[in-house]
Structure formats: structure tokens, C-alpha cells
Amino acid sequence: MARKSLPVPLGSDGQENCVDGARSSLSTKPQLRSGLAQRSEESNGQYQVVLITGTRTGIGRYLAEYYVDKGCQVIGCSRGSIDYDLKNYRHFCLDVSDEVKVKQMFSEIRKAYNRLDVLINNAGIAATNHFLLTPIKTVRDIFATNVIGTVIFCQEAAKLMQRRRYGRIVNFATVAIPWKLEGEAIYASSKATVVSLTQILARELAEFGITVNAVGPTPVKTDIIRSVPQEKLDGLISRQAIRRLGQFRDVSNVIDFFIQPESDFVTGQVIFLGGV
Amino acid sequence: MAEDPINTKILSLVLQSVREVGENQGSDFLINADETTALLGMLDSIGTVYLITILEETLADELGMQITLADEHAMNLENSPFLTIATLVRHVETLVAKSKGAGH
């Protein structure tokens, strides 16, 4: 079957849109909306449009670089500016729980690309506290980013994905959930909400050709575990079937499985790394 | 009396969205919709969700306004705004006027 030609990746070479939504310097006219369903085979591999949240550092930055390398047009976002340049990457500065800014970003995505193939809800924050010493502001902040941010992005992404009857959403869980990890009551609770959301969205969005799954990383060497004492890390790793720190490639390995077009029968699943 | 240009635009955007839903669902009835078309019974629940989301996005992109079409007020109206194209257009006009009045 002849492959329908897709929009040329509209690379922005590190363009950032950090002032109240996007400055658009795109010279290519957006493709007219046909409203016609696109087969998932046409989204195979190259030139997919991938949106990743939390791309300033850590797993998010790795995923942005990884999927650009794979030939995707990647859009990323974070609260702060980025200190790297990537071809075929466009950055937005926003808080994922800011509904207005997120909707503005999606409006830019619609105008520029008229499609979204993959959403990876990587942005997340954690705070290690005994429950009795956890400020309510911390609770609100964690739920705002981890839950409300995920909800807003899933909603806006699904609206765009449904037009082509194709989409892949990957949310982030955490092994703190099955471990019932002390000190992480609020973080683990927020991510347990994301797991439940993932499983229900998988059912609600299936009719639109959208799969929704989640990956639950073990401790991976990023900012989020910077303050965890080595002794505690060693204790956590000893609870895994495969006893080592997670690596970025472990996360992208699972995401690749979820988002490939052949995984159109895989939805509502949560894969925890390390054999947890 | 001359039609308000914004209302003419709203009718155009509503019809554009309904026709897109028609193309997506393979419904000639919706593809050929005009301002006299009845929607009741022609859209299943998924089609209604699709129309609402498409129309909200279209209004955001074309008018620069974030309008929520299916809020609690709309769902509790005695007569659903989604009965016909005409009632849907009037519903959107009301929301756009409110949004302008609120300075959005």
C-alpha cells in the first residue's frame, strides 16, 4: 500500500516558546484538516509527532533526544528554559497544571502539525517526608503536577488524536506504589491516581484508536533521587528481582513497546521495571 | 438587519465541525448538514463527544476563545443545545457573548 506523504518535520532547532504561548516562525502552511481517519500503519516510525512533558532534565530530556534520533518531530515542555539545542524539537515553557497555557500550546500544535501521535506524560515531582510532617502545600503541588497535569495533557492529546483515530498515551507510575514506600505517601498516592486514570482512559479512549498505558520506573539516576541516601537506595534495589539502578534506556524500551503501531491491542497496562 | 459577522462565522465553524464529524463517522447526512439540520438521533454518544471536542478546538483556534460547550449548565437546560444545528449555533453565540463580556 502506498504510504501517504506526511508533513515534513517542522524542525525548530531548539526554538523555545517561553513567553505566554508560542511565537511561530514556521514557514510551512499547516495541512488542511481532512477529518478523515488515518490508518495506524501510516504512523509507523518516522515523522511521528511526539509530545513529552518535563523535558528539561533527566528522563524527559533523554526521551526528547531519543525520539528526535528516531526521526520524530518532538515537542517538549517544562517550567523552565532548556540549555540544549535539538533539531526537530520545539520547546514550550509552562506548568503542566496550567490549563490555559497547555491549551494554548495544543492550539499551536494543531496549527503547526495538525496531528499528535504520541503523548508521554513524564513530568512529575516528588517529596520525601514522613506523612505527619508533609505540608498541605506540598500535597497540592504534587497532585497539581502529577495528577492534574497528566489529566489536562491526556484530555487535550486525546482530542487531537481522535481526529485520526490513532494515538498512544504513556503515563508514568512508580514502583513506590507496589512497594507502599514509606516516606512517599503523597507521591505514591498521586501516581496511584495516575494508574487508575490510565486503566479507565484505556477503556474510554479505545473507541478512538488510542491506547493508554503506564511505565513504572525503579529508582533511576536523576534529580528526583538526588537527595536519597545511598544506603536507602541500596535497600530499595535489594527489593527488585533485578538488582540494579534503572537506566534511561530501560524506560524508553518499555515506551517503545507501548507506542509502536503493532501494539494496538495493548492498553490499560502498567509495566513496573526491575521485576517489581 | 445585517447579520453580526461573528455570528456568521460561528455558523460557518459549527457547520465545518459537524461536517468533519460526518467525514469521520462516514455519515452523508452530517457531511451535507446545513443550518436547518436536526442533530437529535443522528449522533451517538461517541459522535456527540467528538463533535463537542472538535467544535471547542475549532472555536479556540479560529476565535481565540476557550469555550466549554458541555458544562453543567448546558447539560441541565430543559432543551438540549444539541437538538439542531440552529440550537447549537445559538448556544455557541451565547457562550461567545458571555466570554467577550467577561473579557476573555
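The structure presented is a predicted model; accordingly, all values stated were derived computationally and were not measured.

S.K.: Hey, could you run me through the overall build of chain A in this one?
M.R.: If you tally the helices and strands in chain A, you get seven helices and eight strands. Within chain A, the proportion of its 276 residues that are buried is 52%. A separation of at least 24 residues holds for 73% of the contacts in chain A among residues at least 6 apart in sequence. Approximately 13000 Å² of chain A is accessible, and the part contributed by carbon and sulfur atoms is 52%.

S.K.: I keep staring at empty space enclosed by the protein and nothing clicks. Help me out?
M.R.: To locate leftover empty space, one rolls a probe as large as a water molecule over the atoms. Residues and elements named next belong to chain A. Using the criterion set out here, one finds two cavities of 30 Å³ or more in the structure. Size it by volume and the second largest cavity reaches roughly 50 Å³. Every residue along the wall of the second largest cavity is listed here: A127, N129, F131, T134, T138, I142, G183, E184, A185, I186 and Y187. Secondary structure elements with two or more residues in the lining of the second largest cavity: α3 (136-161) and α5 (185-204). Ranked by residues supplied to the lining of the second largest cavity, first place goes to α5 with three residues. Residues that form the lining of the second largest cavity fall into these classes: six nonpolar, four polar and one charged.

S.K.: Looking at this structure, how should I read the pairing of strand β5 (residues 118-121) of chain A?
M.R.: Regular strands place their side chains on alternate faces of the sheet. Where burial is concerned, the two faces of β5(A) agree: the one with V118(A) and I120(A) and the one with L119(A) and N121(A) are both buried. Regarding the hand of the β-α-β motif, the stretch spanning β5(A), α3(A) and strand β6 (residues 167-172) of chain A is right-handed.

S.K.: Would you mind showing me how to read the nonpolar core here?
M.R.: Across soluble globular proteins, nonpolar side chains show a tendency to be buried alongside one another. Counting 31 residues, the largest nonpolar core has L51(A), M105(A), F106(A) and F153(A) as its most contacted members. Elements with a contribution of two residues or more to this core: β2 (49-53), β3 (73-78), α2 (99-113), α3, α5 and β7 (210-216) of chain A. In terms of residues, this core owes the most to one element, α3(A), which gives seven residues. Residues in contact with M105(A), not counting those within four places in the same chain, are L51(A), C77(A), F92(A), L94(A) and F153(A). Membership of the second largest hydrophobic core comes to 28 residues, among which are L11(B), V14(B), L59(B) and I67(B).

S.K.: Sorry, what's going on with the pattern of salt bridges here?
M.R.: For side chains of opposite charge, pairing can occur when their charged atoms come near one another. Evaluation of the coordinates by the stated rule reveals 18 salt bridges over all chains. Here E156(A) ties to K159(A) by a salt bridge, and the two come within 3.1 Å at their closest N and O atoms. Of this pair, E156(A) and K159(A) both sit in helix α3, three residues apart, roughly one helical turn. Residue K9(B) is joined to E62(B) by a salt bridge in which the shortest nitrogen-to-oxygen separation is 3.7 Å. Highlighted residues: K9(B) in helix α1 (residues 5-25) and E62(B) in helix α3 (residues 45-63), separated in sequence by 53 residues. Looking at K9(B), the relative accessible area reads 33%, which means it is partly exposed. The partly exposed category is assigned to E62(B), whose relative accessible area is 41%. Among the charged side chains, a salt-bridge network with shared partners connects R110(A), R163(A), E20(B), E57(B) and D61(B).

Here is what the cut-offs are and how they apply
Residues numbered from 1 in each chain as written. Chains lettered and ligands numbered in written order. Predicted model: local features only at pLDDT ≥ 70, side-chain atom pairs only at ≥ 80, totals over all residues. Heavy atoms only, no water. Helix = DSSP H or I, 4+ residues; strand = E, 2+ residues; numbered from the N terminus. Buried < 20%, exposed > 50% of the residue type's maximum accessible area, 1.4 Å probe, protein only. Contact = heavy atoms within 4.5 Å. Areas by Shrake-Rupley, 256 points an atom, 1.4 Å probe, with all protein chains shown as cover. 1 Å grid on protein atoms, 1.4 Å probe; cavity = no way out; pocket = protein on both sides within 12 Å on 5 of 7 lines; lining within 4 Å. Points joined across faces, edges and corners; volume = space filled by probe spheres on them. Nonpolar A, V, L, I, M, F, W, Y, C, P; charged D, E, K, R; others polar. Right-handed = clockwise from strand over helix to strand, strands pointing away. Core = buried A, V, L, I, M, F, W, Y, C linked by side-chain atoms within 4.5 Å. Salt bridge = Lys/Arg side-chain N within 4 Å of Asp/Glu carboxyl O.

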